[in-house]
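# Residue-level structure breakdown
The lines below spell out each chain.
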Amino acid sequence: MSVTEQVIQPAANIHPIDNLLRADRLPHILCPGCGIGTVIHGYAHAIAASGLPEDQHVCVSGIGCSGRAAGYVNVDSYHTTHGRALPFALGIAVHKPELKVTVISGDGDLASIGGNHLIHAARRNVDMTVICINNFNYGMTGGQVGPTTPIGAKGTTAPDGAIEQPFNLPYLAKATGAVFVARWTILHVREFQDAVLRSMNKKGFGFIEVLAPCPTSFGKSNKIGDGLHEVEIYRQRCQIRHGATNLEEFDIDLIDDTKPIVVGNFVDVERKHFLG
Amino acid sequence: MPDNAAAARVPAKKPSRVLTGTHFMVGDHACAEGALAAGMDFFGGYPITPSTEIAELIARRLPPLGGRFVQMEDELASIAAIIGASAAGARSFTATSGPGFSLMMENIGLAAMMEVPCVIADVQRASPSTGLPTMVGQSDILQARWGSHGDYGVIAYCPDSPQECFDLTVRAFNDADKYRVPVFILLDEVVGHMAERVVIPPAEEIPIVRRKGPNFPPGERRFLGYAPDDDMVPPMAHAGDGYKVHMTGLTHDEKGYPALTPEIHDKLVNRLVDKIRLHASEIEMHEEIALDDAETVVVSFGCTARSARHAVNEARAEGISCGLLRLITVWPFPERRIRELIERGKVKRFIVPEINLGQLRREIERLTQLPVLRLNHAGGAMLKPDAILELIRS
């Protein structure tokens, strides 16, 4: 016999997404000012707005701060190994195509150690939504530079500033075949939720980059200040360009404050999906 | 009317999952047919010699049966995909060889830790590294047991014929589900590529054991995904079943939630090991030839056991007191039987021929002070019966 316990019945006047969070896992491990909570909030709202029962949603994460997202959402959820969230999610999505599979993970997990899986999942046009939380560094391990760290930005493994060209993730996702591509920041709460919902409602591979502050690691190394200060940078410099086709020009430069950070829903096209 | 249009009107023969009958078949194909007969419905794999025939047969046979075949981008993805599919309820399978097996190791640990059943065929070739891709090896034996970091229990079968490739693959799927572990079928290139008679029984005679699930409907109360039953194996709910499971490679409590304490870790890892260790007598399989009075015991497995069998029979015909212990499961290792033989006092020495430099021999040496004679080759060719016979005579 399994050991079981009673479900705690929530109070009547609960928040609309309370049922979508694993309240018994709170408090969470995320730092003050971190953007990941806002992303989880947006994902939960998209689930609620999807019209599909919660049982039909599945969340898969990799490793890192963003990889902990799967542990806080009250749907079937899988916290996998570093970089392998996408092929794990493919196994679920292909075996049970009726499920709405969302991968929430970080830029290091999805674009560095898992980069090969990202381009192949996009190429195959597997029916899933990928939310890539980009905080420009490896936060969990203490602020090392990664494949999205802007040139010149500092990290513990690049004390004089990153010298490598970072990935422009929307450009990469579009080039490799994603049928829905967006970039938002955690300032753009409603736009982000809307993008997740649109991707969920679309057959095929949707990729949403969402910029998020990491004040403990990236912010500190780069004198950005607390989470609110990074959000203020987003507010001042973000330009919305829906449907823009020149994604190759949308690199993110956090040092040069004359350069815009371009956000928007860039790609929304139809293409035969993996099981289509 | 053109012939091909006429042919198109003929109703296609309904594809059969179980190819009941007598076949002449290579081991790789028998392994694939075993997986199909066991109800495998998801395969994720990457081409690699000498295992590719398994993927090729499944690519042809599985989709018409309603299953999914996905050629993944690499072995890292293959193993992740089969764990994901199994988490969603599939009986999932992949096939590889040494280099791919090495790449799979991290997520084999994930399958062990999440307790997600899956089956991995490793058709061994001469190693290390790229080695001799088309030639035989038996050098993944210890990797199968210890390849991923940390302690966990596994099951590994070593077929010595195409017939066993079929039979043991069916068994592998059943054991994977029964114990919620990754199970390996360690073929070798010779067994994988040799053609012999394979008898596939009627579907109803093939035993199918499936993993147990929650014993109450979703929503009734909370399902604790890692609360083990008396057999130390927790029931498993799948993605989409409605139980809202959480699975993680982190140390976790009975809810499946991360619980990062030494006490919970020790309890969990001990259970992962014990659920196999304490069921070893149910899982372990071996074949014995003339062991009761044997002074020399040859211990062997896979294609080498075919040479060893011949050598033992020859030696006995010459009046030499010897026998064969053929491992069918290399893990769990038949430790109890070997201890019994040693304690009975009749055995004077062991001979362990293997196509590696002594991986299995170490297991026997740790059990006995008796001489353990070695016959090794790093790989590329079978060990010949004459070489084993010469050692038995010595």
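Residues numbered from 1 in each chain as written. Chains lettered and ligands numbered in written order. Predicted model: local features only at pLDDT ≥ 70, side-chain atom pairs only at ≥ 80, totals over all residues. Heavy atoms only, no water.

## So, the overall build of chain A
Applicable threshold: What counts as a helix is a DSSP run of H or I of at least four residues, what counts as a strand is a run of E of at least two, and both are numbered from the N terminus. Here the globule rule reads 2.2 Å times residues to the power 0.38, and the radius of gyration is calculated from C-alpha atoms. Burial classification: accessible surface area is computed with a 1.4 Å probe over protein chains only, and a residue below 20% of its type maximum counts as buried, one above 50% as exposed, and the rest as partly exposed. Only heavy atoms enter the contact rule, under which two residues are in contact if any of them lie within 4.5 Å. Accessible surface is estimated by sampling points in the Shrake-Rupley manner with a 1.4 Å probe; for residues, cover comes only from the protein chains shown. Charged residues are defined narrowly, with Lys and Arg counted positive, Asp and Glu counted negative, and His plus the chain ends left uncounted. Lys charges are placed at NZ, Arg charges at CZ, Asp charges at CG and Glu charges at CD.
Along the backbone of chain A there are eight helices and eight strands. In terms of overall dimensions, chain A is globule-like: its C-alpha atoms have a radius of gyration of 18 Å, near the 19 Å expected for 276 residues. Projected onto its principal axes, the C-alpha positions of chain A cover 60 × 40 × 30 Å. Burial status across chain A gives 59% buried among its 276 residues. Long-range contacts, defined as pairs at least 24 residues apart, comprise 69% of the intrachain contacts of chain A with a sequence gap of at least 6. Of the roughly 11,000 Å² of accessible surface on chain A, 56% is carried by carbon and sulfur atoms. For chain A, the distance from the average site of its 23 positive side-chain charges to the average site of its 26 negative ones is 4 Å.

## So, the sheet that holds strand S13 (residues 322-327) of chain B
All names here are of chain B. Keep this limit in mind: Only when DSSP finds a minimum of two bridges between them are two strands counted as paired. Axes here refer to lines fitted to C-alpha atoms; in helices the fit is confined to the stretch in contact. Angles between the N-to-C directions go from 0 to 180 degrees.
Pairing is mixed in the open sheet, where five strands are placed in the order S11-S13-S12-S15-S16. Two strands close off the open sheet at either side, each with one partner strand: strand S11 (286-289) and strand S16 (372-376). For this sheet the average axis-to-axis angle between neighbouring strands, irrespective of direction, equals 20°. In this structure, strand S12 (residues 296-300) lies alongside strand S15 (residues 349-354), joined through three bridges in parallel fashion. Residue pairing across strands places Val297 opposite Phe350, the latter belonging to S15.

## Focus on the interface of chain B and chain A
Selection rule: Here the buried area means the combined drop in accessible surface, using a 1.4 Å probe, for two parts upon being joined, counting both sides. A pair is scored as a salt bridge if a Lys or Arg side-chain nitrogen falls within 4 Å of a carboxyl oxygen belonging to Asp or Glu.
Between chain B and chain A, the contact holds 50 residues from the first and 42 residues from the second. In this assembly, chain B packs against chain A so that about 3,900 Å² is buried in total across both faces, 55% of it on carbon and sulfur atoms. Counting the surface chain B buries against chain A, the share from its top three residues, Glu73(B), Lys244(B) and Tyr257(B), is 17%. There are five salt bridges connecting chain B and chain A. Here Lys244(B) and Glu54(A) are joined by a salt bridge, their closest N and O atoms 2.5 Å apart.

## Concerning the packing of helix H2 (residues 27-37) of chain B against helix H7 (residues 162-179) of chain B
Residues and elements named next belong to chain B. Selection rule: Roughly parallel here means an angle under 35 degrees, roughly antiparallel means over 145, roughly perpendicular means 65 to 115, and every remaining angle is called oblique. Crossings are assigned a handedness: left-handed for a near helix turned anticlockwise from the far helix by less than a right angle, right-handed for a clockwise turn. Ten residues, namely Ala, Val, Leu, Ile, Met, Phe, Trp, Tyr, Cys and Pro, are considered nonpolar, four, namely Asp, Glu, Lys and Arg, are considered charged, and the remaining ones, Gly among them, are considered polar.
The N-to-C vectors of H2 and H7 enclose an angle of 30°; their axes lie 7 Å apart at closest approach. Judged by the angle between their axes, H2 and H7 are roughly parallel. Note that H2 runs across H7; the crossing there is right-handed. On H7, the residues touching Gly27, Ala30, Cys31, Glu33, Gly34, Ala35 and Ala37 of H2 are Pro162, Cys165, Phe166, Thr169, Val170 and Phe173. Classifying every residue of the contact of H2 with H7 by side-chain character gives nine nonpolar, three polar and one charged.

## Re the nonpolar core
Soluble globular proteins tend to bury their nonpolar side chains together. Here is the rule: Think of a nonpolar core as a cluster: buried Ala, Val, Leu, Ile, Met, Phe, Trp, Tyr and Cys residues, connected wherever their side-chain atoms sit within 4.5 Å. By convention here, the domain bounds are inherited from an automatic or database domain assignment.
Membership of the largest hydrophobic core comes to 97 residues, with the highest contact counts inside it found for Val60(A), Tyr78(A), Phe88(A), Ile92(A), Met128(A) and Phe205(A). Both of domain 1 (15-205) and domain 2 (287-393) of chain B provide at least three residues apiece to this core. Not counting residues up to four positions away in its chain, the partners in contact with Phe205(A) are Leu86(A), Leu118(A), Ala121(A), Ala122(A), Asn125(A), Val126(A), Met128(A), Val130(A), Ala178(A), Val179(A) and Phe180(A).

## Notes on the packing of aromatic side chains
Note the threshold: Stacked, tilted and edge-to-face pairs are distinguished by plane angle, under 30 degrees for stacked and over 60 for edge-to-face with tilted covering the rest, among Phe, Tyr and Trp rings (Trp via its six-membered ring) whose centres lie within 6.5 Å.
Under the defined criterion, the tally for this structure stands at eleven aromatic pairs over all chains. Their ring planes at 50° and their centres at 5.5 Å tell us that Phe250(A) and Phe266(A) sit as a pair that is tilted. Separated by 16 residues along the polypeptide, Phe250(A) in the loop between strand S7 (238-240) and strand S8 (261-268) and Phe266(A) in strand S8 bring together distant segments of the chain. As far as the burial class goes, Phe250(A) and Phe266(A) line up, both buried. On the basis of an interplanar angle of 5° and a centroid distance of 5.4 Å, the ring pair of Phe43(B) and Phe69(B) is categorised as stacked. Residue Phe43(B) is found in strand S2 (residues 42-45), and its partner Phe69(B) is found in strand S3 (residues 68-71); the two are separated by 26 residues along the sequence.

Without other data, these values stay purely geometric and don't point to any function.
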